[in-house]
Amino acid sequence: MKIPQHPTLIRRFLLARQKQLQAKSPVLAASLVTIRRTCGNPNCRCARGKKHLGHYLTWKLQAKTHTVYVPVELVPQAKQWTQEHRRLKQLVRELTQLSLALIQTHVTARRRRQARS
Ligand SMILES: [Zn+2]
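Since the structure is predicted, the reported quantities are computational estimates derived from the model, not experimental observations. (Residues numbered from 1 in each chain as written. Predicted model: local features only at pLDDT ≥ 70, side-chain atom pairs only at ≥ 80, totals over all residues.)

Quick look at the overall build of the protein chain
For step 1, the next point in the chain: The secondary structure content of the protein chain amounts to two helices and three strands.
For step 2, the next point in the chain: Relative to a compact globule of 117 residues, whose C-alpha radius of gyration would be 13 Å, the protein chain shows 23 Å and is clearly more extended.
For step 3, the next point in the chain: For the protein chain, the spread of C-alpha atoms along the three principal axes comes to 85 × 30 × 20 Å.
For step 4, the next point in the chain: Counting every position in the protein chain, which comprises 117 residues, the buried fraction comes to 3%.
For step 5, the next point in the chain: Residue pairs in contact within the protein chain that sit at least 24 positions apart in sequence constitute 57% of those at least 6 positions apart. (Helix = DSSP H or I, 4+ residues; strand = E, 2+ residues; numbered from the N terminus. Rg over C-alpha atoms; globule rule 2.2 N^0.38 Å. Buried ≥ 20, exposed ≤ 12 C-beta atoms within 10 Å, placed from the backbone. Contact = placed C-beta atoms within 7 Å.)

And the structure:
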């Protein structure tokens, strides 16, 4: 996103993103990962290298990584919910940049007015 210079344009950009800032599904702030692992049973196929494929959600909380197992039938939902979180996070990032730009242009405009008078 290129941040516009003019306050009117900045406000237009802000409004467009404010309208998109609504969750279209549940929101999940985690990463969906696929892990190959052994189950510990020495007679299982995984002990001979054919490891089990599992889907997990991982997230960090106070510098600690948490993991939760996702049953295969819930993987599409988990994927969509984490994508929705990424979309909203990106929107908030852009809204922040635009809000800051709006404050900065206000300061610049005031300085310019003071310089003239
Ligand atoms: Zn196994």
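Alright, that's what it looks like, and here's the rest.
Let's talk about unusual backbone geometry
For step 1, the next point in the chain: With a phi close to 50°, Gln62 is a non-glycine residue in the positive phi region.
For step 2, the next point in the chain: Among the secondary structure elements, Gln62 is positioned in the loop between β2 (52-61) and β3 (64-70).
For step 3, the next point in the chain: By the C-beta count within 10 Å, which is 5 here, Gln62 ends up exposed.
For step 4, the next point in the chain: Positive phi outside glycine occurs at Ala63, with the angle close to 70°.

Topic: the packing of helix α1 (residues 7-20) against helix α2 (residues 75-116)
For step 1, the next point in the chain: Contact geometry of α1 with α2 gives a least axis separation of 10 Å together with a crossing angle of 155°. Relative to α2, the element α1 lies roughly antiparallel. Read as a crossing pair, α1 and α2 show a hand that is left-handed. Across the interface between the two elements, Pro7, Ile10, Phe13, Leu14, Arg17 and Gln20 from α1 touch Leu91, Glu94, Leu95, Leu98, Ser99, Ala101, Leu102 and Thr105 from α2.
For step 2, the next point in the chain: Residues belonging to the contact of α1 with α2 are distributed by class as follows: nine nonpolar, three polar and two charged. (Axes fitted to C-alpha atoms, helices over the stretch in contact; angles between N-to-C directions. Parallel < 35°, antiparallel > 145°, perpendicular 65-115°, else oblique. Left-handed = near helix turned anticlockwise from the far one by under 90°. Nonpolar A, V, L, I, M, F, W, Y, C, P; charged D, E, K, R; others polar.)

Side note on the pairing of β2
For step 1, the next point in the chain: As defined by bridge partners, strand β1 (residues 31-37) adjoins β2 across seven bridges and the pair is classed as antiparallel. Opposite Thr34, over in β2, you have His55 as the bridge partner.
For step 2, the next point in the chain: Pairing geometry for β2 and β3, over seven bridges, is antiparallel. Bridged to Thr58 within β3 is Thr67.
For step 3, the next point in the chain: Hairpin connection of β2 to β3: two residues between the antiparallel strands, including Gln62 at a positive phi of 50°. (Pairing = 2+ DSSP bridges.)

What to know about the sheet that holds β3
For step 1, the next point in the chain: Read from one edge of the open sheet, three strands run β1-β2-β3, paired in antiparallel fashion. Either end of the sheet is taken by a strand with one partner, and the two such strands are β1 and β3. On average, adjacent strands in this sheet sit at an angle of 40° to one another, irrespective of strand direction.

With respect to the environment of Gln80
For step 1, the next point in the chain: For Gln80, the location among the structural elements is in helix α2.
For step 2, the next point in the chain: On the neighbour-count criterion, Gln80 (15 C-beta atoms within 10 Å) is partly exposed.

Thoughts on the environment of Ala30
For step 1, the next point in the chain: Residue placement: Ala30 occurs in the loop between α1 and β1.
For step 2, the next point in the chain: The sequence separation of Ala30 and Thr82 amounts to 52 residues, and the corresponding C-alpha distance is 6.2 Å.
For step 3, the next point in the chain: When residues no more than four places from it in sequence are discounted, the contact partners of Ala30 are Leu57, Thr58, Trp59 and Thr82.

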